[in-house]
Amino acid sequence: MPRSTPAIVATETFSRAAQPVLAVGDGLVLRPWLRRDGPEVFVAFQDPAIRRWHVRSADTAEEVDDWVDAWARSWTSGTAANWAIADARTGRLMGRASLHHMELWHGEAEVAYWVVPAARGRGLASRAVDALAEWAFEVAGFHRLELRHSVHNVQSCRVAAKSAFTLEGVNRSAGLHEDGWHDMHLHARVRTDSHAEPVARHRRATPEIPPEPATQPVFRLRR
Ligand SMILES: CC(C)(COP(=O)(O)OP(=O)(O)OC[C@H]1O[C@@H](n2cnc3c(N)ncnc32)[C@H](O)[C@@H]1OP(=O)(O)O)[C@@H](O)C(=O)NCCC(=O)NCCS
């Protein structure tokens with residue numbers, strides 16, 4: 001059955017063109033993933049915060065090589081766009097910034113990121129997200145980018161606020177973590193408000209974060 005609205009993002013953006021390198025500024029780039037990144041990703045996933053918020057652990061280096069291959073391959077399928085945040089001069093891995101759950105017809109995608117512990121606290125994630133959003137809106141033509149994080153992930157909420165992703169609401173009990181279900185903040189940035197970024201970075205307040213619960217069991221058996 002034909003659709004009554006046009007496709008917002010052309011599939012050829014991904015199927016016909018190579019994944020670009022995006023300048024982030026301050027000596028950083030977003031570049032496609034390389035096989036040689038595997039060992040550094042393995043080390044990154046030894047960090048408890050990355051494991052906790054991405055709900056994934058890396059048991060072996062071989063397993064991580066497979067993730068990196070999949071991140072590199074996802075571009076041509078048009079389902080996700082994964083970049084390594086890297087030092088422009090040395091190529092050294094600083095983190096990951098990606099678009100996933102891409103819906104090309106509707107022009108929607110979800111942003112995700114992590115930064116290696118040694119590079120945190122310097123605004124690297126929000127600068128990477130800014131570069132990613134600029135490419136997504138201005139080059140690829142996406143209409144809306146969403147960003148979801150646990151309400152207890154204060155650092156991620158700051159990244160969202162600094163990159164002008166408006167808090168639209170709380171999805172109740174929507175993210176399963178090792179300690180149970182978390183309410184999730186839904187932030188979004190729409191193409192038409194993408195130019196608000198420089199002002200928003202400094203003035204937008206972080207929404208109030210509820211106190212972290214003590215351990216919350218994932219499943220409670222009824223007896
Ligand atoms: C969330 C994350 C990507 C932020 O990356 P970053 O480059 O450190 O981001 P910023 O420098 O903008 O810092 C964000 C906030 O982290 C806090 N922060 C500052 N220094 C920090 C440090 N050394 N270590 C941890 N957090 C720090 C601050 O609250 C800061 O907000 P502020 O700029 O208003 O002070 C990073 O902490 C991370 O990778 N965490 C684990 C994985 C994760 O949470 N991913 C997101 C899942 S939704």
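Going by the structure above, here's the rest.
Conventions and cut-offs
Residues numbered from 1 in each chain as written. Predicted model: local features only at pLDDT ≥ 70, side-chain atom pairs only at ≥ 80, totals over all residues. Heavy atoms only, no water. Helix = DSSP H or I, 4+ residues; strand = E, 2+ residues; numbered from the N terminus. Contact = heavy atoms within 4.5 Å. Areas by Shrake-Rupley, 256 points an atom, 1.4 Å probe, with all protein chains shown as cover. Salt bridge = Lys/Arg side-chain N within 4 Å of Asp/Glu carboxyl O. Buried < 20%, exposed > 50% of the residue type's maximum accessible area, 1.4 Å probe, protein only. Core = buried A, V, L, I, M, F, W, Y, C linked by side-chain atoms within 4.5 Å. Pairing = 2+ DSSP bridges. Right-handed = clockwise from strand over helix to strand, strands pointing away. Near = heavy atom within 4 Å. Polar contact = N/O pair within 3.5 Å; in protein donor to acceptor, adjacent residues only side chain to side chain. Axes fitted to C-alpha atoms, helices over the stretch in contact; angles between N-to-C directions. Phe/Tyr/Trp six-rings, centres within 6.5 Å; stacked < 30°, edge-to-face > 60°.

Caption draft 1: Region of the structure containing the overall build of the protein chain. Regarding its fold elements, the protein chain presents seven helices and eight strands. Of the contacts made within the protein chain by residues no fewer than 6 positions apart, 64% connect residues no fewer than 24 positions apart. Element-wise, carbon and sulfur atoms account for 53% of the exposed surface of the protein chain, whose accessible area totals about 12200 Å².

Caption draft 2: Structural view of the pattern of salt bridges. By the definition in use, this model includes ten salt bridges. Among the ionic pairs, R31 bridges to D37, the shortest N-O distance being 2.8 Å. Assessed through its relative accessible area of 9%, R31 is described here as buried. Judged by its relative accessible area of 0%, D37 falls in the buried class. Each member of the salt-bridge network shares a partner with another, and the members are E110, R144, E146, R148 and E168.

Caption draft 3: Expanded view of the nonpolar core. Judged by nonpolar contacts, the single largest core of 51 residues is most densely connected at L30, V41, L99, W114, F142 and L145. No other element matches the eleven residues that helix α5 (residues 124–140) contributes to this core. Apart from residues no more than four positions distant in its own chain, L145 is found in contact with L99, A109, V111, A133, A136, F137, F165, H187, A188 and R189.

Caption draft 4: Local environment of the pairing of strand β5 (residues 108–115). Of all eight residues making up β5, seven are buried, and the element is well covered by its neighbours. Examined bridge by bridge, β5 and strand β6 (residues 144–150) share four bridges and lie parallel to one another. Bridge assignment links E108 to a residue of β6, and that residue is R144. Taking the sense of rotation as the criterion, the β-α-β connection linking β5, α5 and β6 turns out right-handed.

Caption draft 5: Region of interest: unusual backbone geometry. Here D26, not a glycine, exhibits a phi torsion of approximately 50°, which is positive. Within the fold, D26 resides in the loop between β1 (22–25) and β2 (28–31). A relative accessible area of 67% means that D26 is categorised as exposed.

Caption draft 6: A look at the site of the ligand. Taken together, 20 residues sit near the ligand, with V115, G121, G123, R158 and K162 positioned nearest. Within the backbone of G121, one N or O atom sits 2.8 Å away from an oxygen atom of the ligand. The contact in question runs from an oxygen atom of the ligand to an N or O atom on the side chain of K162, over 2.6 Å. In isolation the ligand has 900 Å² of accessible area, and contact with the protein removes 74% of it. For the shell around the ligand, the secondary structure elements donating two or more residues are α3 (48–54), β5, α5, β6 and α6 (154–162).

Caption draft 7: Region of the structure containing the sheet that holds β2. Sheet architecture is open: eight strands sit in the order β1-β2-β3-β4-β5-β6-β8-β7, paired in mixed fashion. This sheet does not close on itself; its edge strands, each paired only once, are β1 and β7 (166–177). The average undirected angle you get between the axes of adjacent strands in this sheet is 25°. Inspection of the sheet shows β6 paired to strand β8 (residues 180–190) by seven bridges, in the antiparallel sense. Along β8, the bridge assignment pairs R144 with V190. Strands in contact with α5 are β1, β2, β3 (81–87), β4 (93–103), β5, β6 and β8; relative to β1, the strand with the most contacts, it is inclined by about 145°.

Caption draft 8: Broad picture of the packing of aromatic side chains. Counted according to the given criterion, the structure contains nine aromatic pairs. Note on F45 and W67: the rings are 4.9 Å apart at their centroids and 75° apart in plane angle, and the pair reads as edge-to-face. Here W67 lies in helix α4 (residues 61–77) and F45 lies in the loop between α2 (38–44) and α3, a separation of 22 residues in the sequence. Relative to W114, the ring of F45 lies with its centre 5.7 Å away and its plane at 90°, an arrangement referred to as edge-to-face. Highlighted residues: F45 in the loop between α2 and α3 and W114 in strand β5, separated in sequence by 69 residues. A single burial state applies to F45 and to W114, both of which are buried. Each member of the aromatic cluster is reached from another via a ring pair, and the members are W33, F45, W67, W71 and W114.

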